[in-house]
Amino acid sequence: MSVSVTRRTQIVGVVGDVRRDMEGHHYAEKCSVFGIREEELAAFHRHNLVTRPREFNPSRDRYQVLSSPFYAMKILAEEFGYGVDVCPIDGTKETSISLIGYF
């Protein structure tokens, strides 16, 4: 009997700023994405999302993406095969941290 081993080759962190204005109204307009490659930054731009900084630099570890963390993770999952391994890691009540892995 052979055992299949899946090795993780890339991990990306997504940190979302979530605020609540009124009862039941939650807003997550931006997130920070850590550890992405140039192709993944380009995918955000193809979806008309604004990133800061806009240009890829391999020495940068974080990019701010003006979208909800859910939408940023959805783009990475659909275009690059990332899966949500643990969602979310507890942060403060204003922050949600998720790690997504590429298998």
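Conventions adopted
Every chain begins its residue count from 1, and numbering advances along the sequence as written. Only residues with pLDDT of at least 70 get local features here, since the model is predicted, and only at 80 or more are side-chain atom pairs given and counted; chain-wide, interface and lining totals rely on the full set of residues. Working from all heavy atoms in the structure, the side-chain values ignore hydrogens and water. A run of DSSP states H or I qualifies as a helix once it reaches four residues; a run of E qualifies as a strand once it reaches two. Both are numbered from the N-terminal end. Multiply 1.5 Å by the residue count of a helix minus one, and that product is the helix's expected span. Exposed residues in this analysis have more than 50% of their type's maximum accessible area, buried residues have under 20%, and partly exposed residues fall in between, with area computed by a 1.4 Å probe over protein chains only. Directions pointing from the helix axis toward each C-beta atom define the arc. Here the nonpolar core consists of buried residues drawn from Ala, Val, Leu, Ile, Met, Phe, Trp, Tyr and Cys, with membership extended through side-chain atoms lying within 4.5 Å. By convention, a stacked pair of Phe, Tyr or Trp rings (six-membered ring in the case of Trp) has centres within 6.5 Å and planes under 30 degrees apart, an edge-to-face pair has planes over 60 apart, and any other such pair is tilted. A pair is scored as a salt bridge if a Lys or Arg side-chain nitrogen falls within 4 Å of a carboxyl oxygen belonging to Asp or Glu.

A. How the structure looks around helix α2 (residues 69-80). Between its first and last C-alpha atoms α2 spans 16 Å; for 12 residues at 1.5 Å apiece the expected length is 16 Å, and the two agree. Along α2, the residues classified as buried are P69, A72, M73, I75, L76 and F80. Down the axis of α2, the smallest arc covering the buried residues is 155 degrees, so these residues share one side. Turned more than 90 degrees away from the buried face of α2, the exposed residues are F70 and E78. With its phi angle positive at about 80 degrees, G81 sits one or two positions after the end of α2.

B. Geometry of the nonpolar core. In this structure, V12, V33, I36 and F44 are the most contacted members of the largest nonpolar core, which totals 17 residues. When contributions to this core are tallied by element, the ones reaching two or more residues are β1 (10-22), β2 (25-34), α1 (38-46), β4 (62-65) and α2. Broken down by element, the residue count for this core peaks at five residues, all from α2.

C. Local environment of the packing of aromatic side chains. On inspection of all chains with the given rule, the structure shows one aromatic pair. With a centroid separation of 6.2 Å and an interplanar angle of 10 degrees, the aromatic rings of F56 and Y63 are classed as stacked. Accessibility expressed as a relative area gives 27% for F56, which makes it partly exposed.

D. The pattern of salt bridges, seen in detail. Within this structure, the stated rule accounts for six salt bridges. In this structure, R46 engages E79 in a salt bridge whose closest nitrogen and oxygen atoms are separated by 2.5 Å. With R46 in helix α1 and E79 in helix α2, this pair connects stretches of sequence that are 33 residues apart. Residue K74 is joined to E78 by a salt bridge in which the shortest nitrogen-to-oxygen separation is 3.7 Å. Here E78 and K74 lie together in helix α2, a separation of four residues that amounts to about one turn.

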